[in-house]
Amino acid sequence: VAEGEPGEGREPFELPRFWDALGQAFQVTSQEATKLSLAFSRPPLPSAEDCRKLSEDVQNAILAVATVYYWLPKGQGTTLRKMVRDATTEVVEGMIQLTDTILNAPVESLSQEQLISTGGVWEACEQVSNLPRDNQAAVVSALAACLGVVKDAVEEMEHALVEGQDPYGDIMEDEELGFRGNRDTYWSEADRQLLSSCMGLMKASKACLKKVLAAVKAHGKAESPEQIAQLDDLADIANEISPSVDELALSMYPPVNPLAVRLNAAKLSSVLKKVLEIAKTSHVCPPSEEGWVQFLTGAVDHNMNKIKSFTQGQL
């Protein structure tokens with residue numbers, strides 16, 4: 001499941017039929033986990049014949065889950081497939097863990113581990129009801145997750161800058177390192193000037209994700225192969241924003257190396273420009289949306305140019 005590729009089926013693929021089948025397969029797996037767990041919850045142990053029947057049923061349930069997952073063609077969207085694959089993998093891994101727990105548990109009693117593992121399978125199987133139903137919903141969910149991470153990073157950095165003098169104030173002094181010199185724990189005035197433009201770039205990242213997310217919600221469609229592919233492209237490039245924001249934030253802590261900051265800012269700036277470019281040329285961006293694309297492109301350039309001018313002397 002984790003590595004395999006779907007076969008492009010000969011029959012016309014129907015999304016509603018797929019979801020019905022996947023829901024049923026997950027439900028059956030949940031029931032089989034309960035049966036297996038109950039059979040081994042107290043003595044006497046099931047007979048050899050019962051064990052064979054139980055293990056066959058578990059195996060069939062898991063094979064059904066994997067088979068239905070394989071029905072979902074790539075053409076329905078790689079973002080959607082990844083989310084369904086992750087959910088499917090979790091069910092399979094949950095069942096493996098439950099079986100291992102039963103094999104290794106003492107016969108006399110129902111162990112805490114067995115209860116937790118059984119609950120784990122139930123939870124994994126219930127996830128099917130929360131999965132996005134098409135690629136537009138999948139991309140909305142992926143963008144919302146990216147936005148959450150970037151929001152946290154921006155808040156954390158703002159907090160550090162406002163706290164002011166010592167961004168490491170909450171970290172106890174390390175005896176081995178000895179006392180850190182001024183340069184290591186404080187931002188100079190020049191540092192702060194540079195960092196304010198970096199914050200501008202981080203805030204532009206947040207605004208960018210917010211706007212793209214709203215545009216996908218309002219205009220995104222998953223009806224044609226072209227629309228589905230455009231949504232995937234957006235999700236793929238948006239996934240690069242959060243790691244790039246993190247790298248920039250890390251390089252902003254003292255002692256500040258202006259060249260490292262400039263390099264990380266340039267990386268983030270390039271990712272943001274790509275996101276805006278892909279959004280602009282896709283179906284999620286009708287003429288009514290072009291204003292913010294232009295505005296944010298300008299904001300990214302403006303902050304990047306300031307970062308370049310502050311670091312020019314370092315080159």
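In this report, the structure presented in the accompanying data block is examined. (Residues numbered from 1 in each chain as written. Predicted model: local features only at pLDDT ≥ 70, side-chain atom pairs only at ≥ 80, totals over all residues. Heavy atoms only, no water.)

## Considerations on the environment of Phe13
Turning to step 1, where the next piece is worked out: Tracing the sequence through the fold places Phe13 in the segment before helix 1 (15-39).
Turning to step 2, where the next piece is worked out: Judged by relative accessible area, Phe13 falls into the partly exposed class, the value being 26%.
Turning to step 3, where the next piece is worked out: It is 60 Å that separates the C-alpha atoms of Phe13 and Ala190, two residues lying 177 residues apart in sequence.
Turning to step 4, where the next piece is worked out: Aside from chain neighbours lying at most four places away, what touches Phe13 is Phe18, Trp71, Leu72, Pro73 and Gln76. (Helix = DSSP H or I, 4+ residues; strand = E, 2+ residues; numbered from the N terminus. Buried < 20%, exposed > 50% of the residue type's maximum accessible area, 1.4 Å probe, protein only. Contact = heavy atoms within 4.5 Å.)

## A short note on unusual backbone geometry
Leave glycine aside and you will find that most residues have negative phi; peptide bonds, for their part, are mostly trans.
Turning to step 1, where the next piece is worked out: Following Pro43, the chain continues into Pro44 via a peptide bond in cis, with omega recorded as -5 degrees.
Turning to step 2, where the next piece is worked out: Looking at where Pro44 falls in the secondary structure, it is placed in the loop between helix 1 and helix 2 (48-71).
Turning to step 3, where the next piece is worked out: The omega angle of the peptide bond from Pro254 to Pro255 is -5 degrees, so this bond is cis rather than trans.
Turning to step 4, where the next piece is worked out: Take Pro255: it is sitting in the loop between helix 9 (241-251) and helix 10 (258-280).

## Comments concerning the nonpolar core
Turning to step 1, where the next piece is worked out: Formed by 52 residues in total, the largest nonpolar core has its most connected members in Leu201, Met202, Val216, Ile241 and Leu248.
Turning to step 2, where the next piece is worked out: Mapped by element, the contributors of at least two residues to this core are helix 5 (135-163), helix 7 (189-219), helix 8 (225-238), helix 9, helix 10 and helix 11 (290-311).
Turning to step 3, where the next piece is worked out: Counting residues per element, this core draws most heavily on helix 7, at 13 residues.
Turning to step 4, where the next piece is worked out: Every residue in contact with Met202, bar those within four places of it in the chain, is listed here: Val150, Ala153, Val154, Met157, Val245, Leu248, Ala249 and Met252. (Core = buried A, V, L, I, M, F, W, Y, C linked by side-chain atoms within 4.5 Å.)

## Things to note about the side chain of Ser37
Turning to step 1, where the next piece is worked out: Inspection of the secondary structure puts Ser37 in helix 1.
Turning to step 2, where the next piece is worked out: Its relative accessible area of 7% is what places Ser37 among the buried residues.
Turning to step 3, where the next piece is worked out: Leaving out residues up to four positions away in the same chain, Ser37 has contacts with Leu98, Ile102, Gln114 and Thr118.

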